[in-house]
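Descriptive analysis of the structure
So the chains spell out like this:
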Amino acid sequence: MTRLASSAVECYQRDGFHFPVPVLTPAEALGLRRRLEAVEAEHGGRLAGEIRHKPHLLFTWLADLVRHPAILDAVEDVLGPNLLAWSTSFFIKEARDPAYVSWHQDATYWGLSAPDVLTAWVAFTDATVENGAMRMVPGSHEVQLEHRDTFAPHNLLSRGQEIAVDVDEARGVDILLRAGEMSLHHVRMVHGSPANRSDDRRIGFAIRYIPTYVRQIAGEGDSAMLVRGVDDYHYFAPEHPPASDLAPEARAHHAAVVAQSAKILYRGTGVERFR
């Protein structure tokens, strides 16, 4: 089913991003926030380390979200009918917290064979200027730039990576979303986000989709979940949704997948696991 207007697809192709795309009701988004916060409470606070990476392999409600028809219809309009969910992660900024995301391009360390990769960033809460909404530079997805690793303590990125050249921040566009909306952005989009200056959390869930013809070329044994269409290539080992939240089989599957993923994403750093 077509969800995006042709003008929206053209906007994505020209600018490297498109927003907002409504996918959930505010009540549904609030329900997801409450489920997340119940999990956090059970784990003693913020999600940390491996559980932040590919949590859709642990929780049924996230596995359902990555396969949500409203999300997949929009992604299909850009990437075509045969889709894998390659990765997911939460980007959470606590109220009045210094956490930020440096200017970067996702493609830098992902090791994927083609730039036909799209992130659907689903807002569990409103994303505003005050609470640290993403900023993107239109048209910056055309060229891959040099990056450096910082592993800065307040940087939410896995390696604290940042672009090693000056970014014209004046050209940045604030990606403002209401809870239940999502933005779409290209794997080479120059983007970042400042700290949360508000009195409430900012919660986003990033889903990275790829067409089935994309390969992992930076390491062996990568995996992904088929969420729409057919996979005639089998470049990725198949991932499976959990039968129930934190089921023992799901925990074992997730642990193996995340260990392999860390080897690829942290290659050359001496780091062996997600922080």
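Heads up: the structure comes first, above all this text.
Cut-offs and rules
Residues numbered from 1 in each chain as written. Predicted model: local features only at pLDDT ≥ 70, side-chain atom pairs only at ≥ 80, totals over all residues. Heavy atoms only, no water. Helix = DSSP H or I, 4+ residues; strand = E, 2+ residues; numbered from the N terminus. Buried < 20%, exposed > 50% of the residue type's maximum accessible area, 1.4 Å probe, protein only. Areas by Shrake-Rupley, 256 points an atom, 1.4 Å probe, with all protein chains shown as cover. Lys, Arg positive; Asp, Glu negative; His and termini not counted. Charge placed at Lys NZ, Arg CZ, Asp CG, Glu CD. Core = buried A, V, L, I, M, F, W, Y, C linked by side-chain atoms within 4.5 Å. Contact = heavy atoms within 4.5 Å. Salt bridge = Lys/Arg side-chain N within 4 Å of Asp/Glu carboxyl O. Polar contact = N/O pair within 3.5 Å; in protein donor to acceptor, adjacent residues only side chain to side chain.

**A few points about the overall build of the chain**
Summing up its helical and strand segments, the chain has 5 helices and 13 strands in all. By principal-axis analysis of the C-alpha atoms, the chain measures approximately 50 × 40 × 40 Å. By the burial criterion, 55% of the 275 residues in the chain qualify as buried. Looking at the chain as shown, the accessible area adds up to about 11,800 Å², and 52% of this sits on carbon and sulfur atoms. Each charge class in the chain can be summarised by its mean position, and for the 28 positive and 36 negative side chains these summaries are 3 Å apart.

**Comments concerning the nonpolar core**
I71, F90, F124, M182, L184 and Y209 are the most contacted members of the largest nonpolar core, which has 43 residues in total. The greatest single-element share of this core, amounting to 6 residues, is contributed by helix α4 (residues 69-79). When sequence neighbours within four positions are dropped, the list of residues in contact with F124 reads A29, L32, R33, W61, L62, L65, F90, A179, I203 and F205. Within the second largest apolar cluster, 16 residues are counted, among which are W110, V187, F236 and A262.

**Section: the pattern of salt bridges**
This structure, assessed with the given rule, holds 14 salt bridges. Ionic pairing is found between R201 and E40, a salt bridge with its closest N-O pair at 2.8 Å. Pair noted here: R201 is in the loop between β10 (191-193) and β11 (202-211) and E40 is in helix α2 (residues 26-42), with a separation of 161 residues, a long-range link. Among the ionic contacts, a cluster of salt bridges with common partners joins R33, E37, E40, E94, D200 and R201.

**A short note on the side chain of H53**
Mapped onto the fold, H53 is located in the loop between α2 and α3 (60-66). The exposure class assigned to H53 is buried, which follows from its relative accessible area of 7%. Looking at H53, its side chain comes within polar contact range of the side chain of S261, at 3.0 Å. Setting aside chain neighbours within four positions, we find H53 in contact with S87, T88, H254, V258, S261, L265 and F274.

**Overview of unusual backbone geometry**
Cis rather than trans, the peptide bond between F19 and P20 has omega equal to -15°. For K54, which is not glycine, the phi torsion reads 55° and is therefore positive. Relative to the elements of secondary structure, K54 occurs in the loop between α2 and α3. Look at K54 and you get buried, because its relative accessible area is 1%. Despite not being glycine, R96 shows a phi value in the positive range, around 55°. Checked against the element boundaries, R96 lands in the loop between β2 (83-93) and β3 (101-104).

**Remarks on the environment of E249**
With respect to the element layout, E249 can be found in helix α5 (residues 248-265). Look at E249 and you get exposed, because its relative accessible area is 61%.

**Quick notes on the environment of G192**
Of note, G192 is situated in strand β10. G192 sits 129 residues away from A63 along the chain, and the two C-alpha atoms are 26 Å apart. Not counting residues up to four positions away in its chain, the partners in contact with G192 are V101, S102, W103, A133, M134 and R135.

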